[in-house]
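Breakdown of the fold
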Amino acid sequence: MLDFLGDLKRTHLCGELRAADAGSRVVLMGWVNKRRDLGNLIFLDLRDRSGITQVVVTAEAGAEVHEKAAEVRSEFVLAAMGQVKLRDPGTVNKNLPTGEIEVVADELRLLNDCKPLPFTPADTVLANEEVRLKYRYIDLRRAEMQRNIELRHKVAIAIRDHLNAQGFYEIETPFMTRSTPEGARDYLVPSRVYPGEFYALPQSPQLFKQILMISGFDRYFQIVRCFRDEDLRADRQPEFTQIDLEISFARPGMVFHVVEGFLKAAFATIGFELETPFPQMSYDQAIRLYGIDKPDLRLPALAEVNVAFSRENLQGLGLSSSLPLVAVRIPGVGEISRKERDQLRQLYPARLAEQGIKVLDDERRLEKSFPEAMAKVRELSGAEAGDYVVLVGAGTVTLGDGGEGQKPATGADAGVPYRTGSGSAGNAASGRSRLSMRERQVLEGAGQVRLALAQRFADRHKRFEKKGAANDYRLLWVTGFPMFEWDEAEGRWNAAHHPFTSPHEEDMERLESDPGAVRALAYDVVLNGMELGSGSIRIHRQDIQAKIFKALGMSPEEQQARFGFFLEALQYGTPPHGGIALGLDRIVMILAGAESLREVIPFPKTAKAVDLMVDAPTPVSDRQLKELGIRVTKTGQ
Ligand code: ASP
């Protein structure tokens, strides 16, 4: 028999009571996390989002209460009334904040029962993820999920408060709109009123936020859902949440300052004090030092070690002397056996061999043949005893590679000895000419080897373990990305970002003569090798926008068809502006120390873009299709 709530009110939450409350009369409400029936004594662990309190029903409570308690099962919903009592010293539970007390019940109200469960929130072994997602409402009751969702809330509030204090307005933008320029596939919404016509769900509010600048709102932000129908990958969600912002009369430094401020506030929610400002690095520098545009600074940089070897030595090793030879250093690896080394080769991307990039990982053998050179390599890379050093360079024989030949390289590749670098030290890479395609390939190859080894030896170098110190979270800005990417298949330049990104003012005149050398006023904020967000200063002038579209090979008709409304808006007094968007899901995942985005999104989709709880997507009725003027042709699979 279930009871009604009536006008019964809670006095406390289940996680609140302490020794000082002993003697008070309380009313608790919650779920039965666990029940232990010892006959005369029944223990009910009552749980709500704040925690758990042990409720005991003794024989003195009377037959009626006792019978009720005997009926109760896991996840029944209960109100318990009684007196707080200090537990006997021997039965204090140190693992529970309420562990010093218990509530001796004199009345229970059974507010609801619960079917036998597929798993319970109290289970210590996790159910498999499909079951968890199907019964998400039960899964979300688990303490860990409650904590993650609470953290998500706190992070969002901290960011909102910060941005509000900085003069940002939170402004909503439509979900039913037209295609936005982020380069993924759109999710479409059919119009009933205009059969055959569709809205698109926004891949981002990009154009709306720019229009808000045109409208004079000066500083906009939104914690907003974005929809992108991209190829499925383990850690990607078709809908995800961005912290999106835009600033009028912006310089990159202003955007950096705002983002650093709200990230500091977000990290403060887990008690971590982030150091600001974050270091900055140009794209070229990042590639030279880390072989990737989102460097993980927790491990040492690459070191160019061409100077260590004579030309003859390099020839002997079958290595090109006109391209970088790079040392990858992983600290604290210690001795590795030959067998271990052979296994490492499985970890290097197969593409390296196809690109004619060599990985020399037998340090001992190299030391035997080239003792002086290898001593120099260790010196240049800053290696200490126990550090493992691997060399990555371009083979002299280039097997039909995917990098050269297809596009004019900006630097010379052949013949000349490679400019010698001064290793991993700080700014060695700045002020050099831009990287050629082939140089980039070698450096990126080294970057991939670095990451593969870093993962493999994580238990030895221990740099990925959180120690409550500054190295736990290494943030930086990467700037000066190339404006265009060469599309081999199409034989043309593509915008590396969305096409409203402004070129660097200094590079403007190279737009037509040397597109590959044009830098974008774009920036990424990177954390521990992950891109947290990306943004840019925008094009605010119609003449420059037209040039960019031309450089991208977009005809005036196509421009008009895709972005006509926006191109027109640009002509009505657009202020210079810029902004950025950061992934909220990822930030919360990192702060929660979770392994997957699905652990911090209340109702996520699977890696196959399915919502297992509501069972979506689903077919719809013929009537609905007819109303929308849609006929489905099944493509047999
Ligand atoms: N709209 C961009 C994105 O979603 C971010 C930006 O440029 O502000 O990636």
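Residues numbered from 1 in each chain as written. Predicted model: local features only at pLDDT ≥ 70, side-chain atom pairs only at ≥ 80, totals over all residues. Heavy atoms only, no water.

**Brief notes about the site of the ligand**
Worth spelling out the cut-off: By convention in this text, a residue qualifies as near a molecule or strand provided that one of its non-hydrogen atoms is within 4 Å of it. We define a polar contact as two N or O atoms separated by no more than 3.5 Å, with the added condition that, inside protein, one atom must be a possible hydrogen donor and the other a possible acceptor, whereas residues neighbouring each other in sequence contribute only through side-chain atom pairs. Helical segments are the DSSP runs of H or I of at least four residues, strand segments are the runs of E of at least two, and each set is numbered from the N terminus. Amino acid classes used here: Ala, Val, Leu, Ile, Met, Phe, Trp, Tyr, Cys and Pro are nonpolar; Asp, Glu, Lys and Arg are charged; the rest, including Gly, are polar.
In the vicinity of the ligand, 13 residues are found, and the nearest of them are Glu182, Gln206, Lys209, Arg228 and Arg538. In this structure, glutamate 182 approaches the ligand through a side-chain N or O atom, which is 2.6 Å from a nitrogen atom. At 2.9 Å, a side-chain N or O of arginine 228 approaches an oxygen atom of the ligand. Contributing elements (two or more residues each) for the shell around the ligand: helix 5 (206-214), strand 20 (530-537) and strand 21 (577-583). Per-element tally for the shell around the ligand: the top contributor is strand 21, with three residues. Tallied by class, the residues present in the shell around the ligand amount to two nonpolar, seven polar and four charged.

**Concerning the side chain of glutamine 203**
Definition in use: Only protein chains enter the accessibility calculation, which uses a 1.4 Å probe. A residue is then buried if its area is under 20% of the maximum for its type, exposed if over 50%, and partly exposed in between. The criterion used for residue contact is that any of the two residues' heavy atoms lie within 4.5 Å.
Here glutamine 203 shows up in the loop between strand 8 (198-200) and helix 5. Under the relative-accessibility criterion, glutamine 203 is labelled buried at 0%. Here alanine 184 takes part through its backbone oxygen, which lies 2.8 Å from a polar atom of the side chain of glutamine 203. If near-sequence neighbours (up to four positions away) are discounted, glutamine 203 is found in contact with Thr180, Glu182, Gly183, Ala184, Arg185, Asp186, Cys226, Phe227, Arg228 and Phe240.

**A look at the state of the cysteines**
Quick note on the threshold: In what follows, a disulfide is any cysteine sulfur pair within 2.5 Å.
Considering all chains together, one arrives at zero disulfides under this definition. Take cysteine 114: it sits in no disulfide, and the sulfur closest to it among the cysteines is that of cysteine 14, at 16 Å. Note on cysteine 114: relative accessible area 22%, which makes it partly exposed.

**Quick word on the packing of helix 4 (residues 143-165) against helix 6 (residues 252-268)**
Heads up, the rule is: Lines fitted to C-alpha atoms define the axes here, with helix axes fitted over just the stretch in contact, and angles between the N-to-C directions of these axes take values from 0 to 180 degrees. We call a crossing left-handed when the near helix sits turned anticlockwise from the far one by less than a right angle, and right-handed when that turn is clockwise.
Interaxial distance between helix 4 and helix 6 falls to 8 Å at its minimum, and their mutual angle equals 140°. Handedness of the helix 4/helix 6 crossing: right-handed. Contacts from Val155, Ala158, Ile159, His162 and Leu163 of helix 4 reach helix 6 at Val258, Gly261, Phe262, Ala265 and Ala266. Residues belonging to the contact of helix 4 with helix 6 are distributed by class as follows: eight nonpolar, two polar and no charged.

**Looking at unusual backbone geometry**
Residue threonine 276 is joined to proline 277 through a cis peptide bond whose omega torsion reads -10°. In this structure, proline 617 follows alanine 616 across a cis peptide bond, with omega equal to 0°. Residue placement: proline 617 occurs in the loop between helix 18 (584-592) and helix 19 (622-628). Positive phi outside glycine occurs at phenylalanine 249, with the angle close to 55°. Locating phenylalanine 249 in the fold gives a position in the loop between strand 10 (239-248) and helix 6.

**Regarding a nonpolar patch on the surface**
Cut-off, in case you're wondering: Note on patches: the residues involved have over 30% relative accessible area and no salt bridge, like charges join within 9 Å, and the nonpolar side chains Val, Leu, Ile, Met, Phe, Trp and Tyr join within 5 Å. We get accessible surface area from the Shrake-Rupley algorithm with a probe of 1.4 Å; when it comes to residues, only the shown protein chains can shield them. Note on definitions: salt bridges are taken to be side-chain nitrogens of Lys or Arg within 4 Å of carboxyl oxygens of Asp or Glu.
On the surface, Phe175, Met176 and Tyr199 cluster together into a nonpolar patch covering about 280 Å² of accessible area. The partly exposed category is assigned to tyrosine 199, whose relative accessible area is 31%.

**Comments concerning the environment of glutamate 260**
Within the secondary structure layout, glutamate 260 lies in helix 6. The buried category is assigned to glutamate 260, whose relative accessible area is 7%. Contacts of glutamate 260, omitting those with residues within four sequence positions, involve Thr276, Pro277, Phe278 and Trp477.

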